[in-house]
Amino acid sequence: KAKELGRNRSYDYHRELTDTMHSRMSLEQDLRSAIEGHHFELHFQPQFHIGEERPRRVEALLRWSHPLRGMISPHEFIPLAETSGMISELGFWVVRSACQQFMFWRQQGLQLDKIAVNVSAVQINASFANTIARIMEHLDFNPAWLELEVTESLMMSGTTEVNQQIHQLRTLGVEFAIDDFGTGYSSLSKIKSMPVTVLKVDQSFVRDINDDVNDYEIIRAIVLMARSLGLTVIAEGVETEAQQQTLKRIGCEWMQGYLYARPMDGGAFYERYVKDENRQDD
Ligand code: C2E
Ligand code: MG
Ligand code: MG
Ligand code: MG
């Protein structure tokens, strides 16, 4: 009986595995045609300086609207794009679209300082900086408007190639942020030598800031350290008034999260933040 069960289990396991492989493969094919057919869109989430009603920064977040599966989360398709070699093309599309959108809003009168774009480690190849430089030049986009969000581990890895690419962009004026900060293993002393200007405190610390003293202390330490190093701290995933209050008290000056706005498409962003600017000008 036990043997039978075991065999059944291994059979089920095998079938499950092939199912997963099939769905993975078809998803990969879909991803390829989605890139060719441009079935992606960007959503935008504003970032606010405490006490201000008008956003000064915005983060671009990629969305894939799949014909059958609906909206697919970047958590699901970014890893796939990375392993199948499509992330580079997709990533450049994101940068170009984000820059274009940002310039349009500025032309419409919204005083935005920066647009942040997420970049995965796999994207940073030998032509990364050159291609982004060309995109910006072609659009007449000021490099100081662009911020690239990378992971802590990427900044820590410190391979020569990655460093060169980052350095090249930094020289042009592009800035770098560490996303999900606090979840990696960078020692605080290392931050000093990293070419970053912004730390984005991971949502997991913000979530429990009022319930878990460790999370509270971690954020406090990050804010203190950032201040002494002249870095900007942005809290992500701020959902409640209580979280905002505590963050403010600790000295965190930049906020992003559902409390202020969910990520929205370009049209909704325009309606909410840009249209009013024009009305005031009239
Ligand atoms: P991330 O860059 O850390 O982005 C923050 C995520 O938290 C976003 O999820 C956002 O929608 C969500 N979020 C924002 N405010 C709140 C809040 O108050 N509460 C909660 N619970 N969540 C909030 P999203 O859009 O699903 O993106 C997931 C991740 O996918 C991103 O995490 C980023 O790492 C990656 N990603 C998104 N767009 C791109 C892209 O264009 N390129 C690359 N390489 N990665 C991307
Ligand atoms: Mg991000
Ligand atoms: Mg994050
Ligand atoms: Mg992330």
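Bear in mind the structure is a predicted one, so any value in this text is a computation, not a measurement.

A. Quick look at the site of ligand 1. Of all residues adjacent to ligand 1, which total 24 residues, the nearest are Arg63, Asp179, Gln203, Glu239 and Tyr258. Leu62 has a polar backbone atom sitting 3.1 Å from a nitrogen atom of ligand 1. Contact between ligand 1 and Ser120: a nitrogen atom at 3.5 Å from a main-chain N or O atom of the residue. Alone, ligand 1 offers 800 Å² of accessible surface; in the complex the protein occludes 84% of this. With respect to the detected pockets, ligand 1 is housed in the largest pocket.

B. Representation of the packing of aromatic side chains within the structure. Considering all chains together, one arrives at 15 aromatic pairs under this definition. Ring geometry for Phe40 versus Phe77: centroids 5.7 Å apart, planes at 45°, classification tilted. Of this pair, Phe40 sits in strand E1 (residues 40-49) while Phe77 sits in helix H2 (residues 74-83), and the two are 37 residues apart along the sequence. The class of Phe40 is buried, set by a relative accessible area of 8%.

C. Structural detail: the nonpolar core. Among the nonpolar cores identified, the biggest contains 80 residues, and Phe141, Leu146, Leu148, Leu199 and Phe269 are the most heavily contacted of them. When residues of this core are assigned to their parent elements, the largest contribution, ten residues, is made by helix H3 (residues 87-107). In this structure, Leu199 is in contact with Ile178, Phe181, Ile191, Ile222, Met225, Ala226, Leu231, Thr232, Val233 and Ile234, ignoring residues within four places of it in sequence.

D. Highlighting the environment of Ser204. You can see Ser204 is positioned in helix H8 (residues 203-207). Note on Ser204: relative accessible area 25%, which makes it partly exposed. Along the sequence, Ser204 and Gly37 sit 167 residues apart, while their C-alpha atoms lie 36 Å from each other. When sequence neighbours within four positions are dropped, the list of residues in contact with Ser204 reads Thr183 and Asp215.

E. Examining the pattern of salt bridges more closely. Taken as a whole, this structure holds ten salt bridges when the rule is applied. The shortest N-O distance in the salt bridge between Lys200 and Glu149 comes to 2.8 Å. Taken together, the residues Lys200 in strand E7 (residues 198-201) and Glu149 in strand E5 (residues 146-151) connect sequence positions 51 residues apart. Residue classification places Lys200 among the buried positions, given a relative accessible area of 0%. Relative accessible area serves as the criterion here: at 1%, Glu149 is assigned to the buried category. Where Lys275 meets Glu271, a salt bridge forms, and the shortest distance between an N and an O atom there is 3.0 Å. Here Lys275 pairs with Glu271, and both are found in helix H11 (residues 266-281), just four residues apart, close to one helical turn. The exposure class of Glu271 is partly exposed, given its relative accessible area of 47%.

F. Examining the layout of surface pockets more closely. Size it by volume and the largest pocket reaches roughly 1,100 Å³. Around the largest pocket sit 37 residues that line it, and Leu61, Pro74, His75, Asn118 and Asp179 are the ones nearest its centre. Residue assignment for the lining of the largest pocket shows that the elements contributing at least two residues are strand E2 (57-66), H2, H3, strand E4 (114-118), E5 and strand E6 (175-181). A class-by-class count of the residues in the lining of the largest pocket yields 15 nonpolar, 13 polar and nine charged. What the second largest pocket holds in volume is close to 230 Å³. In terms of lining, the second largest pocket is formed by Phe48, His49, Ile50, Gly51, Glu52, Glu53, Gln244, Lys248, Met255, Tyr260, Arg272 and Tyr273. When contributions to the lining of the second largest pocket are tallied by element, the ones reaching two or more residues are E1, helix H10 (241-250) and H11. Of the residues contributing to the lining of the second largest pocket, the split by class is five nonpolar, three polar and four charged.

G. Molecular detail of the coordination of the magnesium ion (ligand 2). For the magnesium ion (ligand 2), the protein coordination sphere consists of Glu59 (OE), Asn118 (OD1), Glu149 (OE) and Asp179 (OD), at 2.0 to 2.3 Å. Positions of the donor residues of the magnesium ion (ligand 2) along the chain correspond to the pattern E-x58-N-x30-E-x29-D. Between the two metal centres, the magnesium ion (ligand 2) and the magnesium ion (ligand 3), the spacing is 4.2 Å, with Asp179 acting as a shared donor. Of the two residues, Glu59 sits in strand E2 while Asn118 sits in strand E4, which places them 59 residues apart along the sequence. Judged by relative accessible area, which is 3%, Glu59 ranks as buried.

Procedures and definitions
Residues numbered from 1 in each chain as written. Chains lettered and ligands numbered in written order. Predicted model: local features only at pLDDT ≥ 70, side-chain atom pairs only at ≥ 80, totals over all residues. Heavy atoms only, no water. Near = heavy atom within 4 Å. Polar contact = N/O pair within 3.5 Å; in protein donor to acceptor, adjacent residues only side chain to side chain. Areas by Shrake-Rupley, 256 points an atom, 1.4 Å probe, with all protein chains shown as cover. 1 Å grid on protein atoms, 1.4 Å probe; cavity = no way out; pocket = protein on both sides within 12 Å on 5 of 7 lines; lining within 4 Å. Sits in = over half its atoms within 2 Å of the grid points. Phe/Tyr/Trp six-rings, centres within 6.5 Å; stacked < 30°, edge-to-face > 60°. Helix = DSSP H or I, 4+ residues; strand = E, 2+ residues; numbered from the N terminus. Buried < 20%, exposed > 50% of the residue type's maximum accessible area, 1.4 Å probe, protein only. Core = buried A, V, L, I, M, F, W, Y, C linked by side-chain atoms within 4.5 Å. Contact = heavy atoms within 4.5 Å. Salt bridge = Lys/Arg side-chain N within 4 Å of Asp/Glu carboxyl O. Points joined across faces, edges and corners; volume = space filled by probe spheres on them. Nonpolar A, V, L, I, M, F, W, Y, C, P; charged D, E, K, R; others polar. Donors = N, O, S within 2.8 Å, 3.2 Å for Na, K, Ca; no water.

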